[in-house]
Amino acid sequence: MTLFSVAGKNVVVTGGSRGIGRMIAAGFVAAGASVHISARKSAEVEKTAAELGCVAVPADLSTPEGLETLVAAVDGPLHVLVNNAGATWGAPLEEYPEHAFDKLWDINVKGVFHLTQKFLPQLRDAASADDPARVINVGSVDGIKVPGLPTYAYSSTKSAVHMLTRHLARHLAKDHITVNAIAPGPFDSKMMAFALDDPETRTAIASNVPLGRIGRPDDMAGTAIFLASRAGSYLTGTVIPVDGGITA
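Here the structure is a predicted model, which means the values were calculated and not measured.

What counts and how
Residues numbered from 1 in each chain as written. Predicted model: local features only at pLDDT ≥ 70, side-chain atom pairs only at ≥ 80, totals over all residues. Heavy atoms only, no water. Helix = DSSP H or I, 4+ residues; strand = E, 2+ residues; numbered from the N terminus. Patch = residues over 30% accessible without salt bridge, like charges linked within 9 Å, V, L, I, M, F, W, Y side chains within 5 Å. Areas by Shrake-Rupley, 256 points an atom, 1.4 Å probe, with all protein chains shown as cover. Salt bridge = Lys/Arg side-chain N within 4 Å of Asp/Glu carboxyl O. Pairing = 2+ DSSP bridges. Axes fitted to C-alpha atoms, helices over the stretch in contact; angles between N-to-C directions. Contact = heavy atoms within 4.5 Å. Expected span 1.5 Å × (residues − 1). Buried < 20%, exposed > 50% of the residue type's maximum accessible area, 1.4 Å probe, protein only.

1. Considerations on the environment of A50
Alright, step 1. Structurally, A50 is set in helix α2 (residues 42–52).
Alright, step 2. Between the C-alpha atoms of A50 and A30, which are 20 residues apart in sequence, the distance is 14 Å.

2. Some points on a nonpolar patch on the surface
Alright, step 1. On the surface, L93, F101 and Y152 cluster together into a nonpolar patch covering about 280 Å² of accessible area.
Alright, step 2. Within the secondary structure layout, F101 lies in helix α4 (residues 98–126).

3. Observations regarding the sheet that holds strand β7 (residues 239–242)
Alright, step 1. Strand order in the open sheet formed by seven strands is β3-β2-β1-β4-β5-β6-β7, and the pairing between neighbours is parallel. What marks the edges here is a single partner per strand, and that holds for β3 (55–58) and β7. Neighbour-to-neighbour, the strand axes of this sheet turn through a mean angle of 20 degrees, independent of strand direction.
Alright, step 2. Pairing of strand β1 (residues 10–14) with strand β4 (residues 80–83) involves three bridges; the strand directions are parallel. Bridging across to β4, V12 finds its partner in L81.
Alright, step 3. Sheet strands touched by helix α3 (residues 64–73): β1, β2 (34–39) and β3. Its angle to β3, the strand with the most contacts, is close to 155 degrees.

4. Quick word on helix α1 (residues 19–30)
Alright, step 1. Helix length check: α1 (twelve residues) gives 17 Å between terminal C-alpha atoms against 16 Å at 1.5 Å per residue, within 8%.
Alright, step 2. Taken together, the buried positions of α1 are G19, I20, G21, M23, I24, A25, G27 and F28.
Alright, step 3. At the C-terminal side of α1, G32 shows a positive phi close to 95 degrees.

Okay, structure coming up:
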C-alpha cells in the first residue's frame, strides 16, 4: 500500500516539541519520513527530538532571525511544511489587552505566512504534478465557531489562518503546492491543560463532543499524513475539522 505512504519525505513541523505538533511529528517519524521540529525552548525541543528520532531546530518563529534559523537548517527539497506553532490568550472582555492581539497575530498568522514564503524555493523543488508539495496549517475549531471562553484574539487569528490557507492554496496551485488546514477540537496540549488536567472539566468537555471523547494523537497524525500522502494530493484550500463532530 502506497496510497498513504510518506516514507522518505522531508517534513518540517513547527511547535513540534509538545501537544499537537508532537503528535504530528511522531506520526511522520513512525511513517518513515525525515522530520525537523522547531520550538522556541532549546531544551524542550531537543528532548522531544531525541525521544522521537528527528532533528531539533530551536527557533523563535515570531522573529525574522528565528525564521531564518529554521529555513537554513533544512537542506534540499521540502515535501511537507506543517505550520503548527501558535499561542493563545484568555482574559475578560473589559480587561483584554491590545498587545494580546499583536502577539497572537505575529505568531499565529504572520509566522505562518512568512515561513511558508521563505520555504517556497524548497517546496517548489519538491513539487510535481503527480506528487505536490504540501503545506498544512493548524487552525482551530475556535476559528469556525465562537468559543465559550474569552479568547478573542486567538479565535480571530485562527479564523485568519483558515482564510490565509485558502488564499495561499489559490495562488500556489500552479506551482503544484497544496495548502490545507486542520482545525483541531479538544486535544491534550499545553493550551488545553488548564481544562483537561482537571478530571471533572475533562469529562464535561468530552460530554459536549458528539463522539464523546477527547482527541487522540493518532487522530491528529492520521489527518496530517493523509494530507501529505498520495491519498490527499487532490485536496487544496480545505479546512478539515478534527473535532469529534463539534462543528457539525
